[in-house]
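Working through the structure, step by step
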Amino acid sequence: MGTGSKSSHQSYAVSPTALAEAPAAPLDITGAPVAGEGADLAGVSAGASGEAAFEVPELPEPVVEPAPPAEPPVDEDPPAELDGLLGTKSEPEPVAAAAPSEEEAQEASAEGELQSSGEEPSAEEDVLLQAEDIEEVEEEEEETDPPLTPVPAAPPVGEPTGTPILVGGDDFINSEATLVAYDSPDGPREVLLTHISEEAEEKLLDALSIPGTHMEEIQVEEEVKERLDLDKEKKLAELTKTAITSVQHKLKGSLPMSDASIAKHQAAVDAVSAVLNDPSISDDEKAMAQHYMDQLDVVKDKIDNGGSVMPWMDAYEVTATKMVTKQIPVPDGDPEPGTLAATVRKASRIQANLDPATGQTSWDGVSRSSAKGTEYEIDMGDGWKAVYRPYKDNDPANTEFSLRGQLEVHAPAGAGHGKDLVDRLEQLHLMNKPMTAAEGEWTYLANNIQAQGLEGSAGMKAAMETAQGLQDLQVQEIVHQRMESLMGLDSDALQTAMKRIHLEASHKVLPMKVEVVRDAVAKASGFSSGAELAASPGYEPTPSTGGKWLTWSRFDVTGKKAEIQSAFKGRSLSHNLNGGDLASLLGVGVLASTEKRAVMGIGGGLGLSEQADKMTGGANSVFLRVKKTPSSPGGGRLIWDDPSVLMQRSDYYAYNGDHYGAINPAHHNYNAGAITRDPMKIAKFTGSSNEIMFRNGIDLLGAEAPSRIVCHTAAERSSILASLTARGITQLGGKPVEDVLCTESDY
C-alpha cells in the first residue's frame, strides 16, 4: 500500500477533544547501561573456521559450593537424560577450591553433623532451594538494574495504544509487547499483545497439546515388500548391481570393457551360481537367484558384444504380511502432562471499539473479527487464556502474512493483572522478565546488525558463535556444580531445573556476549573497537518512546545526522490522508498500522489496500513516501522536512516503487533485491510510488512529529489548534504548534 494512491488512514470519527489531558511523558529510560551489558540472543553453535578470531572474555570465577557428603566419583558420566538436555557429553574441568579457613571448616563440620542427623534435603528440595536463591538474586538485581519499561500493575483502562513494555531475550520481535486494558461492562479486560519471533515458535508449541499433533504408537498388520534373508546374507543384489554399474559406465561412454568390469561380473556370477547349485534352497530363494543370473547374462552379452545401455535392475523382493509399529495422530484426549490444552480454529482478531466521544477503547472479551488463517486458543487455567497464530500452520501463499506470530494473553476480567500477564508467558515456555537497561544493548546491537545489513560482515558469524559458546560453557559449568542434585531428579523435575539453569547461564554470561558482538559490529562498521563504538556520540543502546510504541535507533544515522540531512536536501517524507479526517487522526495522536488500528478499536475498511497489505505483511507498518519538498502541498498531508527524525529508527524498510510493503516471500509483490534499509539509497528514490514502511506507527505529537501538518482550511486548522491547546499540547517536535499547523492557502 503506497501513500498517495492508497490511503492508510481515513477518518476515525474521533472527537478532536477526545483526550482530556496531555499525553503521558515518555518513559524515563535515558540511563545508559554499563558498557558490555545486554540481553540474550540465541546464536549458532561454536566451531566455524575461516572467520576472524575473537578474544573470548574470561568467564568469572565460579562460586565453588561445599562438596556434599556423598559426592559421586568425578569421572562418573551424567545420566543420558541430562546429557540430552545439556546437548553435550563433555564436562568442564572441575575448578579446584581453595583450602578452607578454620572458621569455614567449623561451619562445614556443623553442616555435616546436621546432614548426618537425617535432615538432608531431597534432590527435588535441593533444586527448589536453588531456584529460590536464583529468584532472590534476580530480585536484588532488579533493584540495582530496574526494567527499561516498568510493568504497570494495572494498565490505564481504555487507552487505545496501551502501555508498551520490553521483555528480555529474543522470543519477541524487537523484544516488544503491549499491555492493553479494554473497558467492558464486566470490568477491565487486560490483554498482553506481542509478536513472537519465528525462531521461538518451537518453544511455544512444545508447551501445547494441539489436537492431531501428538502421536501414539500402534501395532498394525501390513503388507511389505522385502528382500530375502539369503539375498542379504550373500549380498547378491549388491554384487549384481556393482557389475551392472561398471559395465553400464563403459557402454555410456562407448569405452572398451576393462579387466575390472569383467572381474566384477565374474564375482557376481560365482556368488549367484553358488546359491543356484545349493540343493537345500527354497523355491523363493531359487527364483531370487535366477532373477540375478538372468541379469548377469545380459551383462555378459554386453561385455562380449557392446551395444546400448541396459535397463536398470531392481532387487528381487517378496511380499509378506507383518506386524509393524506406526505412529498415528491423536485427534482428541486429555493434554499431555505439563502441557496446555489448545483448540485449533479459524484465525480472528480482537474486535474492539474506539468511542468517538471519549476516545476510549472497549471490548466485551468475546467479539472477534474473522481473518484468513489458523490460530490456537489456549487454556492456561484459572480463567486465563491465550490466542496464538502460528507460523507453521499459516502458509504464506494463502493466509494473512501480517498475523503470523501474533500472540494474545488474556487475564480474567478485572484490573490489576499487568505483572501477571508477563509472568504467565512462562507457561508458554517464553521469556517472562522485563528487559533491564543492561539487557537492552543486546537487542540494540541485533537491530543494528539487521538494519545496517551487517549479518554477512567479516567476523560476524564467528562472533555470534563465540557468544553462543560462552553461554553453552556457562550452562555446563552450572550443571557440573549441581550434578549430584540433578542426578536425583525425575524427568519432569530435570526439565524444570535445566530451564532455570539455562536462564541463569544466559543472565550471567550476557555482558561477555555483548562485548564480543559489540566488537564485531564495531569492526564491521568502521570503528577500531567495541569500546570506541560505545563511546561514539551516535551509540544509544536504549529505546525511545514513539506513539506508545518503543523504537530502537541505528548508530549509523544518529551518529551522522548531518550526512543524512545533506543526502535528503530538498526532499521530504510525507503521508497523504487521501480525504481522511485530520482532526480525528490528531485526536488519537498516532499514525497507526492496519494491525495496530485493529486492536485499538479503530476498525477496518479505512485504507484502499488493507487486505492486500495483510497478505504482503505490510499491514504491520505505516507507509510514507520520499518526495521533492513540496512548495504548494495539498491539505490532509503530514510532511517531515527533516527525514533524519524518522531515518534514525532501525525498524524501517523501503521500495523505490509500490510493492504494498511486501515482506512475504511467497507474494508476487515481494522483491528481495529491491528492498533496502539504507537511508542514503532511500534519499535518492525517484519512483513516484516509492514507499517507506515504519513498523507499528509514528508518534504525531512527540519527538517524531511532522514538521508540517497541512490542513484543508483555516477553520480546520483553528479547530485542531484549539483541541491541542485544550489538551496542553503547545509544541510538536520542538516547534510551536502554531508553526507546525498550516493550510493550503499558506503556499
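In case you missed it, the structure is sitting above this.
Structural notes, computed from the coordinates. (Residues numbered from 1 in each chain as written. Predicted model: local features only at pLDDT ≥ 70, side-chain atom pairs only at ≥ 80, totals over all residues. Heavy atoms only, no water.)

**Brief notes about the pairing of strand 15 (residues 571–576)**
Going by this rule: For every residue, the accessible area obtained with a 1.4 Å probe (protein chains only) is divided by the maximum for its type, and the residue is called buried under 20%, exposed over 50%, and partly exposed between those limits. A helix here means a DSSP run of H or I that spans at least four residues, while a strand means a run of E at least two residues long, and both kinds are numbered starting from the N terminus. One requirement defines pairing of two strands: DSSP has to find at least two bridges between them.
Burial within strand 15 is extensive, with six of its six residues counted as buried. Where burial is concerned, the two faces of strand 15 agree: the one with Arg571, Leu573 and His575 and the one with Ser572, Ser574 and Asn576 are both buried. Relative to strand 17 (residues 621–628), strand 15 is paired through four bridges, and the arrangement is antiparallel. Across the sheet, the residue bridging to Leu573 is Val626, located in strand 17. Taken together, the four bridges between strand 15 and strand 18 (residues 637–640) define a ladder with antiparallel strand orientation. Paired with Leu573 across the bridge in strand 18 is Trp640.

**A look at the sheet that holds strand 3 (residues 189–196)**
Within the open sheet, the eight strands sit side by side as 1-2-3-12-11-10-7-4. Their pairing is mixed. Two strands bound the open sheet, and with one partner strand each, they are strand 1 (163–166) and strand 4 (208–209). Pairing analysis gives four bridges linking strand 1 to strand 2 (residues 172–182), with the strands arranged antiparallel. In the strand pairing of strand 2, Pro164 is matched with Thr178.

**Points about the packing of helix 6 (residues 236–252) against helix 7 (residues 259–276)**
Each pair of packed helices gets described by two things: the angle between the helix axes and the distance between those axes. For clarity, the cut-off: For helices, the axis comes from a line fit to the C-alpha atoms of the stretch in contact; other axes are also lines fit to C-alpha atoms, and the angle between any two N-to-C directions lies between 0 and 180 degrees. Orientation labels follow simple angle bins: below 35 degrees gives roughly parallel, above 145 gives roughly antiparallel, 65 to 115 gives roughly perpendicular, and whatever is left gives oblique. The hand of a helix crossing depends on one turn: near helix anticlockwise from the far one by less than a right angle means left-handed, and clockwise means right-handed. We call two residues contacting when some pair of their heavy atoms lies within 4.5 Å. Polar here means any residue other than Ala, Val, Leu, Ile, Met, Phe, Trp, Tyr, Cys and Pro, which are nonpolar, and Asp, Glu, Lys and Arg, which are charged; Gly is therefore polar.
In contact at an axis separation of 9 Å, helix 6 and helix 7 are set at 155 degrees when each is read in the N-to-C sense. By the angle between their axes, helix 6 is roughly antiparallel relative to helix 7. Every pair of crossing elements has a handedness; the one defined by helix 6 and helix 7 is left-handed. Of the residues in helix 7, those in contact with Leu236, Leu239, Thr240, Thr242, Ala243, Ser246, Val247 and Lys250 of helix 6 are Ser261, Lys264, His265, Ala268, Ala271, Val272 and Val275. Looking at the contact of helix 6 with helix 7 residue by residue, the class counts come to eight nonpolar, five polar and two charged.

**Things to note about the nonpolar core**
The line we're drawing: Only buried Ala, Val, Leu, Ile, Met, Phe, Trp, Tyr and Cys residues count toward a nonpolar core, and they belong to the same one when joined by side-chain atoms within 4.5 Å.
Counting residues in hydrophobic clusters, the biggest one holds 38 residues, and the most contacted among them are Leu573, Met647 and Phe694. Per-element accounting of this core gives the leading share, four residues, to helix 17 (residues 582–588). Once residues lying within four places of it in the same chain are set aside, the contact partners of Leu573 are Phe568, Leu624, Arg625, Val626, Leu638, Ile639, Trp640, Pro643, Leu646, Met647, Ile692 and Phe694. The next biggest cluster of nonpolar side chains, apart from the first, holds 31 residues, and it includes Leu204, Ala342, Ile378 and Leu430.

**Thoughts on the packing of aromatic side chains**
Going by this rule: Two aromatic rings from Phe, Tyr or Trp, using only the six-membered ring of Trp, form a pair when their centres are within 6.5 Å; if the ring planes differ by under 30 degrees the pair is stacked, by over 60 it is edge-to-face, and anything between is tilted.
Per the stated rule, a full pass over the model turns up five aromatic pairs. Between Phe527 and Phe555, the aromatic rings sit 6.2 Å apart at their centres with planes inclined by 75 degrees, giving edge-to-face as the arrangement. Taken together, the residues span a long stretch of sequence, with Phe527 in the loop between helix 13 (491–524) and helix 14 (530–535) and Phe555 in helix 15 (residues 555–558) at a distance of 28 residues. Of the residues examined, Phe527 reaches a relative accessible area of 22% and is grouped as partly exposed. Using a relative accessible area of 6% as the deciding quantity, one classes Phe555 as buried. Clustering of aromatic rings is evident, with ring pairs tying together Tyr444, Phe527, Tyr539 and Phe555.

**A closer look at the pattern of salt bridges**
The criterion, for reference: Salt bridge, as applied in this entry: a Lys or Arg side-chain nitrogen positioned within 4 Å of an Asp or Glu carboxyl oxygen.
Evaluated as defined, the whole model comprises 24 salt bridges. For Glu377, the salt bridge identified is with Arg345, shortest N-O distance 3.2 Å. One end of the pair, Glu377, is in strand 10 (residues 368–381); the other, Arg345, is in strand 7 (residues 340–350), and 32 residues separate them in sequence. Overall, Glu377 belongs to the partly exposed group, its relative accessible area being 24%. Taken together, the salt bridges that share partners define one network made up of Arg345, Arg368, Glu375, Glu377, Lys385, Arg389 and Glu408.

**A short note on empty space enclosed by the protein**
Quick reminder of the rule: Buriedness for pockets is judged along seven lines, at least five of which must meet protein on both sides within 12 Å for an open set on the 1 Å grid over protein atoms alone, while cavities are sets there where a 1.4 Å probe fits but cannot get out, and lining residues have an atom within 4 Å of a point. Grid points are joined across faces, edges and corners, and a volume is the space filled by probe spheres set on the points.
Evaluated as defined, the whole model comprises four cavities of 30 Å³ or more. Within this model, the largest cavity holds a volume of roughly 330 Å³. Where the lining of the largest cavity is concerned, the elements lending two or more residues are strand 2, strand 3, strand 7, strand 12 (406–410) and helix 18 (594–600). The class makeup of the residues in the lining of the largest cavity is seven nonpolar, seven polar and seven charged.

**Considering helix 7**
Which entries qualify depends on this criterion: In this analysis, the expected span of each helix is defined as 1.5 Å times one less than the number of residues it contains. This arc is taken over the directions from the axis of the helix to the C-beta atoms.
The end-to-end C-alpha distance of helix 7 is 26 Å, a good match for the 26 Å that 18 residues give at a rise of 1.5 Å each. Ser261, His265, Ala268, Val269, Ala271, Val272 and Val275 are the residues of helix 7 that are buried. All buried residues of helix 7 lie within an arc of 165 degrees about the axis, which places them on one face of the element. Check the buried side of helix 7 and you find it contacts helix 5 (229–234), helix 6 and helix 8 (283–305).

**Things to note about the sheet that holds strand 25 (residues 741–743)**
Strands sit in the order 19-20-17-15-18-22-25 across an open sheet of seven strands; the sheet is mixed. Since the sheet does not close on itself, it has two edges, and those belong to strand 19 (653–655) and strand 25, each with one partner. For this sheet, the mean inter-axis angle between neighbouring strands, taken without regard to orientation, is 30 degrees. Pairing of strand 17 with strand 20 (residues 691–695), which is carried by four bridges, proceeds in the antiparallel orientation. From the neighbouring strand, Leu624 faces strand 20, where its bridge partner is Ile692. Its contacts with the sheet place helix 22 (residues 714–726) against strand 22 (708–711) and strand 25, and it is angled at close to 170 degrees to strand 25.

**Side note on helix 11 (residues 460–481)**
An ideal rise of 1.5 Å per residue puts 32 Å on 22 residues; helix 11 measures up with 32 Å between its terminal C-alpha atoms. The buried fraction of helix 11 is high, at 16 of 22 residues.

**A short note on the side chain of Glu400**
The condition is simple: The definition of a polar contact used here is a pair of N or O atoms within 3.5 Å, where within protein one atom must be able to donate a hydrogen and the other to accept one, and adjacent residues in sequence count solely through side-chain atom pairs.
Position of Glu400 relative to the elements: it lies in the loop between strand 11 (384–388) and strand 12. Its relative accessible area of 2% is what places Glu400 among the buried residues. A distance of 2.6 Å separates a polar atom in the side chain of Glu400 from a polar atom in the side chain of Arg349. A polar contact of 3.3 Å, which involves the side chain of Glu400, links it to the side chain of Gln611. Once residues within four sequence positions are removed from consideration, Glu400 is found in contact with Arg349, Ala371, Lys372, Gln611, Lys614 and Met615.

**Some words on unusual backbone geometry**
Even without a glycine there, the phi angle at Ser175 is positive, about 60 degrees. As for its position among the elements, Ser175 is in strand 2. Unlike most non-glycine residues, His429 shows phi in positive territory, near 65 degrees. One can find His429 in the loop between helix 9 (418–423) and helix 10 (437–451).

**Side note on the packing of helix 11 against helix 13**
The interhelical angle for the contact between helix 11 and helix 13, taken along N-to-C directions, is 155 degrees, at an axis separation of 8 Å. The angle between the axes of helix 11 and helix 13 places the two elements in the roughly antiparallel class. As for how helix 11 packs across helix 13, the hand of that crossing is right-handed. Along the lines of polarity and charge, the residues of the contact of helix 11 with helix 13 split into 18 nonpolar, five polar and three charged.

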